[in-house]
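Okay, here's what each chain looks like letter by letter:
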Amino acid sequence: MRGQVALEGEGTRDAACSVNGCAGLGRGESGGPGVQFSRCYSKLCSLTPSDMESFKTELNLLFDQLISENYYSDYDVCSLLVQASRLVKYNQEHLVIKFCQLTHHLLNRLQVIVDEPSFDRLVSYSTRALAACSPWTHAEILQALAALVYGNGPKCQKYLPDLLGRGGVLVRYSSPSQPDLELRRTAVHCLANLCLGLPGQPYLEESYRSVCFQTFLQILQAPRPPNVDDIVFCMLLQDALKGMQYYLNGAKGKLTAGEHLGTLLAVLKKYMFFGLWGINLEMPTILYPTPLPQYEGVPAAKEDSPRDVPAQSSLSMNRFLSKKAEPEAGHGEDDEEAQEAEVRQSPRKAGGGETHSHWSLGPTYAGRPSSVAQREAPPSLYPSWKRSSSDSEFSDPEGGMQSKLRLYQARVRQGALHCFLAAVKCVEKRVLYGYWSSFVPDAPSIGSPPALTLLTIALKDPSPKVRAGSLQVLSALLEGSRKFLSAAEDTGAPRQAFTPFSVTLAGSLRELHRGLVLALVAESSSQTLTQVIKCLAHLVCNVPYGRLRPGLLKTLWQQIGPYVSHRDVNVRVSSLTLLGAVVSAQAPLSEVRLLLQQPPGSGSASGALSGPSTPQEAQPQGGRSGPEKEAPSSCGRLPEGNSQSQCWLLQLCVSLVVQPREDPCSDSDAGAAAPGALEPSPVRLEALQVLAHLVRGYFSLVQAHLLELGEVSAQCLRETDPSIQLHGAKLLEELGSGIIQQYRGDSATEQAYRVPVRQVVQFWLEVLSGPLTGALQNELHPTLQTSACDILSSILPQAFTQLPDKSQLLCITVLLGLSYSENSPVKAAAVRALGVYVLFPCLREDVMFVADTANSILTSLEDRSPNVRAKAAWSLGNLTDTLIVNMASVGRDFQEEFSDMLLLKMLRSATSACLGDKDRVKSNAVRALGNLLHFLQPAHLSRSGFEGPMDEAVRALIDAVRSDATMKVRWNACYALGNAFRNPALPLGTAPWTADAYSALSQAVTCCRNFKVRIKSAAALSVPAERDRYGGAAQFGKLWRALARALECSNEAEDFLEYRYCAGLRTQLCRTLLHLMSLCQPDDLPAVAAPLAEESRPALHAYFAHYHLDEGNQGQPENDGVRESCQPQEKLGRLEEIVAHLRSFPEMSPHTREAQTQVVSFLEEVLRSCHESQAPSAERSLVGKYVIEK
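This write-up is about the structure you can find in this document.

Rules of the game
- Residues numbered from 1 in each chain as written.
- Predicted model: local features only at pLDDT ≥ 70, side-chain atom pairs only at ≥ 80, totals over all residues.
- Heavy atoms only, no water.
- Helix = DSSP H or I, 4+ residues; strand = E, 2+ residues; numbered from the N terminus.
- Buried < 20%, exposed > 50% of the residue type's maximum accessible area, 1.4 Å probe, protein only.
- Phe/Tyr/Trp six-rings, centres within 6.5 Å; stacked < 30°, edge-to-face > 60°.
- Lys NZ or Arg CZ within 6 Å of the ring centre and 35° of its normal.
- Salt bridge = Lys/Arg side-chain N within 4 Å of Asp/Glu carboxyl O.
- Core = buried A, V, L, I, M, F, W, Y, C linked by side-chain atoms within 4.5 Å.
- Contact = heavy atoms within 4.5 Å.
- Axes fitted to C-alpha atoms, helices over the stretch in contact; angles between N-to-C directions.
- Parallel < 35°, antiparallel > 145°, perpendicular 65-115°, else oblique.
- Left-handed = near helix turned anticlockwise from the far one by under 90°.
- Expected span 1.5 Å × (residues − 1).
- Nonpolar A, V, L, I, M, F, W, Y, C, P; charged D, E, K, R; others polar.

**Let's talk about the overall build of the protein chain**
Along its length, the protein chain carries 57 helices and 0 strands. The 1190 residues of the protein chain split such that 57% are buried.

Written out as structure tokens, the structure reads:
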């Protein structure tokens, strides 16, 4: 007996009267529920354990009263349950059941957090009751225990051996040998609750978690037992899947590739299709990672009763997707009745309301024996949920049971998808992508049964929640998949012999696009429709469209347009998110550019926007009917004219941001919105983000509307919503950055197609005279202040020069003031903006501005925030770049006016940052040190106050080159040393640190695994222009041998990615070696000749010859300070000059003369080989021969 137990006996009337005072508990009567609860609790405390029938009856009625009430506060439930457990003896089994029902009811109803003493008492009572009471009570006891251990698994350590140990109660009751399926289900439910982990709490021990995992997996793998109620079996599967989900949530990163993962994915795929008519998935027990799809048998069932439903021919889905769909009520509700209605309903509408299916399969399903299914199922080309009620063979009671069964089967499928989602989150993506082909189709099913994948569920499952679950899993798979999907490519000619993985993956991406677009058009539930669009956005963000044939985005573009006007605000927001993903995906794409330029009505999404509604809506549901509406005069009208100059997406987003809604009451989220109200805030925010993406990726298409977009941003800044203000500021920043990109030296935009400087000046004049000033001074909104500083840093230098003096002074004054802000993000943004301004031609020669900026930067370098110090170090690097530029452009006047004390302070601050700060600060601090050491003049170095800081600065750079810091720090440190070497006033060659500097660079050029660091160190060694700056002959010889060894080993890389820098490294090494030869003196010749007489001679000969024959100087590093012609004839001419220099030495010792002969002979061989090698093929074979021999 598992229901509530009523006890009869003498004294029943008296007992009923005694508990009558507890009536009305939870209904606000007799003093309210709190008072009534206290009365019942007091009554329990007044009782003493007894075996008398009157006591049992009284306690039973009291339990009934407590169970029958609906509570809305937790009161003192723990004390009440503990007191009740003291009153009920184990031999009073009916009361034990009633107490367990009360425990389950109160804990589930009130979500009580059980304190430690009460938890120990109640769990101890339950475990002892399992040992002392009859088996018929165990189901109720386990139900109470499951409520107790929910999320408290780690607290049950002393009880776990009895529950989960060898022969434990839960292990025995959850085993396949347990004949009572209800008892088994309750035990599995208890196991699932034990596996649940709450945030901040430890998870169950691994040994017990493994027991639970094996139990859940065993249940999911086992076939359906015979003669078992279908609904009970579904509930067992639900509990097992829920337990597996809890297990996976606590197994972050622990589930690796292997048998367990393959087995788990196999059973999850099996239950993703559980109970669907027309599907009998023959799933292998293990899925193995492979790029090719595995065979899955989907046999057609026999057609036993052709008289029930006439045979119908299979229809193509595309035929129905072109029609309009009617809105479908009752979808997306959270309560069980709504979900049952979703599953019970007749066909799922697609297109114009007609049903469609690719399945030509018999209606067998996993919840019933195949013989029963074949006997009851009518032959049909449609799944059962796509037939009208008149086609059903069940009577009303039978039909109700079938609806309930379909509801439970849908919950099983939903549980499998939730479990799969947990698996996606806990398994490393690169492992999971090995199973890609098992869950994602790679080709359309034409003339054959369709592959059963996540896309199949999204298109075919009758339950919107299950469809949404499959889309969530697919989105999780796609999230962060860019690196994996980058292998896809189908732009080349098709291969006949075999299909490469890249082509297979490209086909999978095309099928994903096709299937999700079909789901988009067919979906009728707003909640699921939102998931479809979000999934498409994840797909678009990760697909390498540049490696695929064009056309994928066009179909998507044509279909998504109407959903921007959907009645549901979440659909509108997700549609804009998808449009933003399209315009930001690997921008600029020529396909997207053409779509943006298409005029309305030409078949693009812009034409669809002017249509009546989405495919799911027969009538307009409010929102916007098209992009042709004009912006209000407050934000300026978008100009009319040539349609090719119009960007419909720009017009749409502007209208969504600034125009009032046509019919605010038609939206589900509008409520009683006043006429003239703007779009909901989420829609406007997403529209602003789309505008920002559009400006960033396709600035040339929107530059004609520069002033209008500036006014839109200004209108956003005037609003009170902080989010709208921030997004408006971001749009302004993107507009400024787009203009700067057009004027960069490496820009591909021709001068005639750039925004004229006069228009840029007008744009910034309007911006600076608008609400931006208020945003800069808004201390209550520091995030907006930060964005406003970023806006000021995006002003075009050429335009800043032409701004009025008051506007320039406003920008400088505000930024200097905010650079001393107490808010770290504001301070960092202001210091960064000053670092941009100090490079402006009109400001960099202003000594006062440079000095004020330097003081602000130095103050920020001492800030506690690492982000502020990093921005300050970057700005200090820019400021010192300005000092170097001024050395050439202004000359000695600027150097004399610049404060020596400020220069010394900059040197010390940069040295301190280089020695003791984080790498992100060091990377720019070393750059600043190199510039400062280059800037120092003899007058500075002659002062005693500069000598010590100068030595410390050089030592700091040497330590940075030798350190194990990030490669960016070491690369910049090598460059900084080379920059310092350019200063002729620096005592290079005679200073004590000379040997250490050259040693550090030599070590870097030979041993560093990063080839960019090697290139920069080799470039630094080529900077000194005089022989005495290299030190003595011994030092010169060490440098030569290190560079020769580096050239010989330049083809050896630990990381495959470094091979792309091999050519550049060899080029720089050859240039540095030749530079040393051009400075070589007689005492240096023995050291130079030594490597040329060893085994390295052939390698050096081949690389030197290749360098002199290379017309393009492939991989030539930039900013290395040595400018040579790339023409082979000029390089050979310099080589001849070096040979003549080496021959011009006067009388030498025999040993030196022999070394001279070897060096000259080597160079003459190189010259001769180069003159003989006229064709490129000869050059390649020369190097190739050496590589093969080596």
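**Section: the environment of Glu 205**
Here Glu 205 shows up in the loop between helix 10 (181-195) and helix 11 (206-221). Linking Glu 205 and Pro 154, residues 51 residues apart in sequence, is a C-alpha distance of 7.5 Å.

**Looking at the packing of aromatic side chains**
Under the counting rule described, the total for this entry stands at 20 aromatic pairs. Joined through ring pairs, the aromatic side chains of Tyr 433, Trp 436, Phe 484 and Phe 501 make up one cluster. Looking at Lys 269, its charged tip hangs above the ring of Phe 439, at a distance of 5.6 Å from the centre. For Lys 1012, the ring lying beneath its charged end belongs to Trp 971, and the centroid distance is 4.0 Å.

**Brief notes about the pattern of salt bridges**
Enumeration according to the criterion identifies 31 salt bridges in this entry. Between Asp 490 and Arg 549 there is a salt bridge, and its shortest N-O distance comes to 3.2 Å. Taken together, the residues Asp 490 in the loop between helix 22 (482-485) and helix 23 (501-522) and Arg 549 in the loop between helix 24 (526-542) and helix 25 (552-560) connect sequence positions 59 residues apart. A relative accessible area of 9% places Asp 490 in the buried class. Close ionic contact of Lys 730 with Glu 733 constitutes a salt bridge, the shortest N to O distance being 3.9 Å. Separated by 3 residues within a single helix, Lys 730 and Glu 733 lie in helix 33 (residues 722-742), roughly one turn from each other. Residue class for Glu 733 comes out buried when judged on its relative accessible area of 18%. A single network of salt bridges, built from pairs that share partners, joins Arg 696, Lys 730, Glu 733 and Glu 734.

**Topic: the nonpolar core**
Within the largest apolar cluster, 360 residues are counted, with the highest numbers of intra-cluster contacts made by Leu 164, Phe 420, Leu 596, Leu 649, Tyr 837 and Met 906. Here this core gets 13 residues from one element, more than from any other, and that element is helix 17 (residues 396-426). In this structure, Met 906 is in contact with Ala 854, Leu 858, Leu 876, Leu 879, Thr 880, Leu 883, Phe 898 and Leu 932, ignoring residues within four places of it in sequence.

**Structural notes on the environment of Glu 479**
For Glu 479, the location among the structural elements is in the loop between helix 21 (464-478) and helix 22. Considered as a pair, Glu 479 and His 538 are 59 residues apart in the sequence and their alpha carbons are 6.0 Å apart.

**Let's talk about the packing of helix 49 (residues 994-1007) against helix 51 (residues 1033-1048)**
The interhelical angle for the contact between helix 49 and helix 51, taken along N-to-C directions, is 10 degrees, at an axis separation of 9 Å. Between helix 49 and helix 51, the angle falls in the class roughly parallel. Relative to helix 51, the crossing made by helix 49 is left-handed. Along the contact surface, helix 49 presents Ala 995, Tyr 998, Ser 1002, Val 1005 and Thr 1006, while helix 51 presents Gln 1035, Leu 1039, Ala 1042, Leu 1043, Arg 1045 and Ala 1046.

**Thoughts on helix 53 (residues 1085-1092)**
Where burial is concerned, most of helix 53 is hidden: 6 out of the 8 residues are buried. Along helix 53, the residues classified as buried are Leu 1085, Ala 1087, Val 1088, Ala 1089, Pro 1091 and Leu 1092. On its buried face, helix 53 sits against helix 51, helix 52 (1062-1079), helix 54 (1097-1109), helix 55 (1128-1143) and helix 56 (1150-1172).

**Focus on helix 24**
With 17 residues, helix 24 extends 25 Å from end C-alpha to end C-alpha; this agrees with the ideal 24 Å at 1.5 Å per step. Across the 17 residues of helix 24, 13 count as buried, placing the element largely inside the fold.

**Observations concerning the packing of helix 10 against helix 11**
Contact pair helix 10 / helix 11: the axes reach a minimum separation of 10 Å and the direction vectors enclose 140 degrees. Relative to helix 11, the element helix 10 lies oblique. The handedness of the crossing between helix 10 and helix 11 is left-handed. Each of Arg 184, Val 188, Leu 191, Ala 192 and Cys 195 in helix 10 lies in contact with helix 11, whose residues at this interface are Cys 212, Thr 215, Phe 216 and Ile 219. Across the contact of helix 10 with helix 11, the residue classes tally to 7 nonpolar, 1 polar and 1 charged.

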